[in-house]
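Residues per chain are reported as follows:
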Number of protein chains: 2
Amino acid sequence: MANTTEARIHALVEERSAALRRKDAKGVVACQAADHVLYSLAPPLRIDDPGTAGLDDWFATWDGPIGYEVHDLGIVADGDVAFCHGLAHLTGTKTDGERADVWFRITLGLRRTADGWTIVHEHESVPFYMDGSLRAAVDLKP
Amino acid sequence: MANTTEARIHALVEERSAALRRKDAKGVVACQAADHVLYSLAPPLRIDDPGTAGLDDWFATWDGPIGYEVHDLGIVADGDVAFCHGLAHLTGTKTDGERADVWFRITLGLRRTADGWTIVHEHESVPFYMDGSLRAAVDLKP
């Protein structure tokens, strides 16, 4: 049972990653609950029930395909609640020609409903350098 | 039962906040499981089983008491697993005289053991400005 749950959550995370790779905002949002609370890489601090608009804007800043893989996924589940965390690797070329290759942390909170597992909370971040520069640490590798 | 679980997790989060306020590294770590995985405000990307050393170093950068409150705590729990998220408000004076007043996001993953609820995963962050500056958004208010 635990293995089945873990396999299903793993599949949901991979479904979300695949939607991001093909720039499919509806596909990403389909993995989320209606009361989804997002702590995104960009401000503001908190976004309630993010729709497809923010994702579509973000997808438009990329030229060609996006690489998006979640590594070292750790899943903790019991009953109808679970959380998981891992390191996301985002790659691609921005429309201004800049090559992106960023690792960031991702934590997901999940709930099981009659329709299966859904993501109700998402927290994505990079740390920042505490050397006075306050620069986001987008150059870290695991 | 759900209410009791929520009350216990709320109390654990407050116990952790109180330990941070009194600069009690052992008290903070006592709220964590041995296999705790930390995504901290500062690099690296991931810290496994953080002990008291990092906290003691951090506490030493503050002059006098620290203010630490978690607001808008949302708790989702079932069986022996839970996660919660909220906005932490950190205030105080650094040893260099600088006043700190920062809001950041915090997500906790929890598990219930024979000894009660414990924190197995912690993800803390501020977003960063995507205006080319890559500056950490430490000036946001909820």
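Our subject is the structure that appears above.
Cut-offs applied
- Residues numbered from 1 in each chain as written.
- Chains lettered and ligands numbered in written order.
- Predicted model: local features only at pLDDT ≥ 70, side-chain atom pairs only at ≥ 80, totals over all residues.
- Heavy atoms only, no water.
- Contact = heavy atoms within 4.5 Å.
- Buried area = accessible area lost by both parts, 1.4 Å probe.
- Salt bridge = Lys/Arg side-chain N within 4 Å of Asp/Glu carboxyl O.
- Polar contact = N/O pair within 3.5 Å; in protein donor to acceptor, adjacent residues only side chain to side chain.
- Helix = DSSP H or I, 4+ residues; strand = E, 2+ residues; numbered from the N terminus.
- Nonpolar A, V, L, I, M, F, W, Y, C, P; charged D, E, K, R; others polar.
- Buried < 20%, exposed > 50% of the residue type's maximum accessible area, 1.4 Å probe, protein only.

## Brief notes about the interface of chain B and chain A
Across the boundary between the two partners, chain B contributes 47 residues, which contact 47 residues of chain A. Of the roughly 3,600 Å² buried between chain B and chain A on both sides combined, carbon and sulfur atoms contribute 72%. The three residues of chain B that bury the most area against chain A are Leu45, Phe83 and Arg105 of chain B, which together make up 20% of that side's buried surface. At the junction of chain B and chain A, the tally comes to 0 salt bridges. The interface formed by chain B and chain A includes 22 residue pairs in polar contact (both at pLDDT 80 or more). Every element with two or more residues in the side of chain B that touches chain A is listed here: strand E1 (32-39), strand E3 (62-78), strand E4 (81-94), strand E5 (99-113) and strand E6 (116-125) of chain B. Per element, the largest residue contribution to the side of chain B that touches chain A is 8 residues, and it comes from E5 of chain B. Broken down by class, the residue content of the side of chain B that touches chain A amounts to 29 nonpolar, 9 polar and 9 charged.

## Quick look at the side chain of histidine 85 of chain B
Take histidine 85 of chain B: it is sitting in strand E4. When its relative accessible area of 8% is taken as the criterion, histidine 85 of chain B is described as buried. Among the polar contacts listed, one links the side chain of histidine 85 of chain B to the side chain of tyrosine 39 of chain A, at a separation of 3.2 Å. Non-local contacts of histidine 85 of chain B, meaning those with residues more than four positions away in its chain, are made with Val37, Tyr39, Arg46 and His121 of chain A together with Asp72, Leu73, Gly74, Ile106 and Thr107 of chain B.

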